[in-house]
Amino acid sequence: MSNRPIVSLQISGLNCAGCAGRAERALAAVDGVSTASVNLANATAQVTQSSDVALSALTDALKVAGYPAVTSSVVLHVEQLNCASCVGRVERALIGAQGVVGAHVNLADESAHVTYAQGAVTPGELARIVTEAGYPARAEPDQGTRAESQDRRKEAEIAALRRNMIIAAALALPVFLIEMGGHMIPALHHWVAANIGTTNSHLVQFALTSAVLMGPGRMFYERGIPALLRGAPDMNALVAIGTLAAYVFSVVSTFAPGVLPAGTANVYYEAAAVIVVLILVGRWMEARAKGRTGAAIRKLVGMQPRSATVLRGGKAAEVPVEEIRPGDVIRARPGDRIAVDGTVISGTSYVDESMITGEPVPVAKTEGTEVTGGTVNGNGVIEYNATRVGRDTKLAQIVRMVEHAQGAKLPVQGVVDRITLWFVPAVMIVAALTVLVWAVFGPAPSLPFALVAGVSVLIIACPCAMGLATPTSIMVGTGRAAELGVLFRKGDALQRLQEVKVVALDKTGTLTQGCPALTLLETSPGFDRADVLRLVAAAEAQSEHPIARALVAAAGADLPTAEKVEALTGLGLSARVEGQDLLIGADRLMARDGIDLGALAERAEEVAARGETPMFAAINGQIAAVIAVADPIKPGSREAIRALQAQGLAVAMITGDNAATARAIAGDLGIDHVKAECLPGDKVAALEALRATHGDLGFVGDGINDAPALAAADVGIAIGSGTAVAIEAADVVLMSGDLRGVVNAFALSRRTMGNIRQNLTWAFGYNILLIPVAAGVLYPFGGPLLSPALAAGAMALSSVFVLSNALRLRRIAPTLAAQTAASGPGLVPAPAAAQ
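The shown structure was predicted, so the numbers you read here are calculated from the model rather than taken from an experiment.

Enquirer: Explanation requested: the environment of alanine 662 in the structure shown.
Expert: Turning to its location among the elements, alanine 662 is positioned in helix α24 (residues 659-669). Sequence separation of alanine 662 and glutamate 677 is 15 residues, and the distance between their C-alpha atoms is 8.7 Å. Aside from chain neighbours lying at most four places away, what touches alanine 662 is Met653, Thr655, Val674 and Ala676.

Structure below.
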């Protein structure tokens, strides 16, 4: 995974795929930017830097391109400001923070006015930055979180669109009834002519349509005309040109009909007005649907409590969660949500961690155990030290991972980008050619035919649907995946996972529970079993390996202290205990040091044949004992393997465990291929061999020594209960330790990519089929000449169709329900290692 800094920004003015592409290219052109990805569905940009880039350079580039970054302001109350140098230090700390556009500190009222880019930083983080600079600060109490700010902005956008839509509809309805009603109902036409008069009718339509275009429809011209003048026309430009063409022609027909050829002075006010109404309806429905695509993020953010009871100076006070600092002591009462990650220092309770781990059984918490922000305290009172706050909590990390996955650009999007780059200019050329052909070859009077066909082409074209086809499905699919316990850390894994042909699995902690128990300790003549176990456990006491924990648990307390403990990667370990040299590990470790196993070698083969893991202990160069541990297979492992094979996937096991043990477990589970006794580097080589035979490969693991294999696989899948190192190297994380999540991950990938293909087929098929119809290619054969109003309705519905289809992914059910189904998103790295 790249360590390059990623900046997230909210962008305004994005209406179609062309807009997203232009904003993306503007960001990518900034010096120091490695990659830029703009998501049309949630109007965000993710910028990866190859070197430090000033935020102002990014916001300036977006402003020049016509898609300014969304900024907000916050007032921080700053304490201990004493002089101008204090002001300077606070301003420098703020301006140097990621996401800050500008900052001004007022010494007189001890406040800092900060302008920041939404999506890049939060008010709470700004307050923390100032506090860490030595000046305690807090944000205004009415400042919300970023997600709340985005929700408010979306709600305001939806409300504004709804208001404009209603106003436009009220103004356009009389125009539509007068003009189109007269065409459809001759009696109405005669009534209007007799009571209002044709001229007065046109004047009324002119006044009402002008109000529509200058009021609710003004947004199309404010955005579309500047985009056209910059040489980068977008969806708004198409609407602006189409409606203005109909409106201007109608105005000329009304006030100067003599300048037009005889018989062509017709009015099309209803087309311009109805187009604005229908597109506003589409935009309103689109905005509402877009709001639902981000439901997963809102659910995640909703797990964070607003405040907590913090003990400071011997007193308990309710403190906003943004102001909690590492080291603060926090009291959690029964039913409280844990505010931040921490360690219990007093009290006992049970904590419901289902929204993080997916496990429904509450977990006992006593002094020294860890608690996770967002989980729910049971019926006891506990006090805990805050260890990770703000962006460092596990819940915040999960939110960032889901956000990054939702903002990712899949490889399939590259094709869409190349097409949409030229789509709007191509539509304008087609519209111009349509007008020309109808004007030259159309039936008399040809000018009205040319106008209607040209406007219809401009209006019916829908780059919005093409731009929304992929990102909306990604947002909904990855959000639903998080709810089902599958976290796509890297968005492109969503596409690559469905291309995998073989799945390789680690054994310990992945197929098995990772909690072995001692089943055998048989000594060589001359060695006492209790003494050997005590010495071996003392040597293993410093290891976090599951087998080590089993040996320590079997030996009990009061172990001697081991010295010179050295881990021998893939072999075992060596140590010195009570003056004796110990070697503990696999048979290959004994072979390396020339230690004869004697009769214990045969005993080890018997143990391995039962699926237990044999290892040896040597003391002072003499074989002392054979040790066996058994690691129970996880519930669901057999079911998951059968389901993967039923999907046509080959299943392999790659482990550092003894070959006989590995073969016994593989035979029991029905695994197709086995590679045992692998060092960490050998796992990568084994993956390469499988890839050469079967094709694209996924690897599932949980331990530190799985990290190279997770990184080398086409798709690395980490067990969420595994180590942080393994999770960091993976593309996909299963939030619980249940292997059935792998099956669900494949199903989610296939369903989401299928949904994307449906959307793209619709978006491209719609444009390919209906643009020629709008141009009038069917008219010479007795077909219809599409009216601009119908074109506007079709265009509006095309985007809504794509969004509605993507929202179906919210109803995906798990292919295999885990024994303890994930009830919420989560990720809990726990100390573990695997063979």
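Enquirer: How should the packing of aromatic side chains be read in this particular structure?
Expert: For any pair of aromatic rings, the description consists of the separation of the ring centres together with the inter-plane angle of the planes. Inspection of every chain in the model, using the stated rule, returns 10 aromatic pairs. Plain terms: the ring middles of phenylalanine 206 and tyrosine 247 are 6.3 Å apart, the flat faces sit at 15 degrees to each other, and that makes the pair stacked. Taken together, the residues phenylalanine 206 in helix α7 (residues 198-214) and tyrosine 247 in helix α9 (residues 235-255) connect sequence positions 41 residues apart. Since its relative accessible area comes to 25%, phenylalanine 206 is described here as partly exposed. Look at tyrosine 247 and you get buried, because its relative accessible area is 16%. Summarising the aromatic geometry, the rings of phenylalanine 206 and phenylalanine 255 are spaced 5.1 Å apart at their centres and angled 80 degrees between planes, so their arrangement reads as edge-to-face. With phenylalanine 206 in helix α7 and phenylalanine 255 in helix α9, the pair connects residues that are 49 residues apart, well separated along the chain. The exposure class of phenylalanine 255 is partly exposed, given its relative accessible area of 49%. An aromatic cluster of three or more residues is present, and its members are Phe206, Tyr247, Phe255 and Tyr269.

Enquirer: Sorry, what's going on with the packing of α9 against helix α15 (residues 446-460) here?
Expert: Relative orientation and spacing of two packed helices are given, respectively, by the angle between their axes and the distance between those axes. Where α9 contacts α15, the two axes come as close as 8 Å, and the packing angle between them is 160 degrees. Judged on the interaxial angle alone, α15 and α9 are roughly antiparallel. As α9 packs across α15, the resulting crossing turns out to be left-handed. Only Leu447, Leu451, Val455, Leu458 and Ile459 of α15 make contact with α9, whose side of the interface consists of Met235, Leu238, Val239, Ile241, Gly242, Ala245, Ala246 and Phe249.

Enquirer: I tried to follow the pattern of salt bridges on my own but got confused; where do I start?
Expert: Oppositely charged side chains are able to pair whenever their charged atoms sit close together. What the rule picks out here adds up to 16 salt bridges. A salt bridge links arginine 576 to aspartate 581; the nearest nitrogen and oxygen atoms lie 2.7 Å apart. Assessed through its relative accessible area of 28%, arginine 576 is described here as partly exposed. Residue classification places aspartate 581 among the partly exposed residues on the basis of a relative accessible area of 41%. Taken together, the shared-partner salt bridges connect Glu522, Arg603 and Glu606 into one network.

Enquirer: How should the UniProt feature "transmembrane region" (unreviewed entry) in the protein be read in this particular structure?
Expert: Within this numbering scheme, the UniProt entry marks residues 165-185, 191-214, 235-255, 267-285, 419-441, 447-470, 760-779 and 785-803 as carrying the feature "transmembrane region" (unreviewed entry). A helix fraction of 92% and a strand fraction of 0% characterise residues 447-470, whose end C-alpha atoms lie 40 Å from each other.

Enquirer: Where do I start with the pairing of strand β1 (residues 6-10) in this structure?
Expert: As a general feature of sheets, a regular strand has side chains that alternate between the two faces. Where burial is concerned, most of β1 is hidden: 4 out of the 5 residues are buried. The pairing of β1 with strand β3 (residues 44-49) spans 5 bridges and is classified as antiparallel. Of the residues in β3, the one forming a bridge with serine 8 is glutamine 46.

Enquirer: Got a minute to help me understand the nonpolar core in this structure?
Expert: Where a protein is soluble and globular, its nonpolar side chains tend to be buried together. Core analysis: the biggest nonpolar cluster contains 142 residues, and Leu14 and Leu58 have the highest contact counts within it. A total of 14 residues in this core trace back to one element, the largest contributor, which is helix α28 (residues 740-775). Core analysis: the second largest hydrophobic core is formed by 25 residues, Leu487, Ala652, Cys678 and Ala718 among them.

Enquirer: Mind showing me how you'd approach the sheet that holds strand β20 (residues 562-568) here?
Expert: Consider a sheet: its strands pair through backbone hydrogen bonds, and that pairing is either parallel or antiparallel. The strand order across the open sheet built from 6 strands is β19-β24-β23-β22-β21-β20, with neighbouring strands paired in antiparallel fashion. Edge positions in the open sheet fall to β19 (517-523) and β20, since each of these has one partner strand only. Between one strand and the next, the sheet's axes are offset by a mean angle of 20 degrees, whatever the strand orientation. As defined by bridge partners, strand β22 (residues 580-585) adjoins strand β23 (residues 613-619) across 4 bridges and the pair is classed as antiparallel. Considered in β23, the bridge of leucine 582 is made with isoleucine 619.

Enquirer: Would you take a moment to explain the pairing of β20 for this structure?
Expert: Across 5 bridges, β20 lies against strand β21 (residues 572-577) in antiparallel orientation. Opposite alanine 567, over in β21, you have leucine 573 as the bridge partner. Linking β20 back to β21 in an antiparallel pair, the connection comprises 3 residues, with glycine 570 at a positive phi of about 75 degrees.

Enquirer: Explain the side chain of arginine 128 here, please?
Expert: Relative to the helices and strands, arginine 128 is located in helix α4 (residues 123-132). There is no salt bridge for the buried arginine 128, and the closest opposite charge comes from glutamate 132, which lies 5.1 Å off by N-O distance. Those residues in contact with arginine 128 that lie beyond four places of it in its chain are Glu322, Arg325, Val389 and Gly390.

Enquirer: What is the right way to look at the confidence of the model for the protein in this model?
Expert: The predicted coordinates of low-pLDDT regions are not to be read in fine detail. In this model, the protein carries a mean pLDDT of 82, and residues with pLDDT of at least 70 account for 87%. Summarising per-element confidence for the protein, the mean pLDDT is lowest in helix α27 (residues 724-729) (63) and highest in strand β10 (residues 329-332) (94).

Enquirer: I'm lost on α15 in this one. Help?
Expert: Because each turn of an α-helix spans 3.6 residues, side chains separated by three or four positions in sequence point in the same direction. Compared with an ideal rise of 1.5 Å per residue, which puts 15 residues at 21 Å, α15 spans 21 Å between its outermost C-alpha atoms and is within 8% of the ideal. The buried fraction of α15 is high, at 13 of 15 residues.

Enquirer: Help me understand the sheet that holds strand β15 (residues 376-377), please; the structure alone is not making it clear to me.
Expert: Strands sit in the order β13-β12-β15 across an open sheet of 3 strands; the sheet is antiparallel. The outermost strands of the open sheet, each flanked by one partner alone, are β13 (363-365) and β15. Pairing geometry for strand β12 (residues 349-352) and β13, over 3 bridges, is antiparallel. Within the sheet, the bridge partner assigned to serine 349 lies in β13 and is lysine 365.

Enquirer: Which parts of the structure should I look at to understand a positive patch on the surface?
Expert: A cluster of like positive charges, contributed by Arg751, Arg808, Arg810 and Arg811, occupies part of the molecular surface. Among the secondary structure elements, arginine 808 is positioned in the segment after α29 (788-807). Judged by relative accessible area, which is 35%, arginine 808 ranks as partly exposed.

About the cut-offs
Residues numbered from 1 in each chain as written. Predicted model: local features only at pLDDT ≥ 70, side-chain atom pairs only at ≥ 80, totals over all residues. Heavy atoms only, no water. Helix = DSSP H or I, 4+ residues; strand = E, 2+ residues; numbered from the N terminus. Contact = heavy atoms within 4.5 Å. Phe/Tyr/Trp six-rings, centres within 6.5 Å; stacked < 30°, edge-to-face > 60°. Buried < 20%, exposed > 50% of the residue type's maximum accessible area, 1.4 Å probe, protein only. Axes fitted to C-alpha atoms, helices over the stretch in contact; angles between N-to-C directions. Parallel < 35°, antiparallel > 145°, perpendicular 65-115°, else oblique. Left-handed = near helix turned anticlockwise from the far one by under 90°. Salt bridge = Lys/Arg side-chain N within 4 Å of Asp/Glu carboxyl O. UniProt positions renumbered as here; feature names shortened; annotations may be inferred. Pairing = 2+ DSSP bridges. Core = buried A, V, L, I, M, F, W, Y, C linked by side-chain atoms within 4.5 Å. Lys, Arg positive; Asp, Glu negative; His and termini not counted. pLDDT = per-residue confidence, 0-100. Expected span 1.5 Å × (residues − 1). Patch = residues over 30% accessible without salt bridge, like charges linked within 9 Å, V, L, I, M, F, W, Y side chains within 5 Å. Areas by Shrake-Rupley, 256 points an atom, 1.4 Å probe, with all protein chains shown as cover. Charge placed at Lys NZ, Arg CZ, Asp CG, Glu CD.

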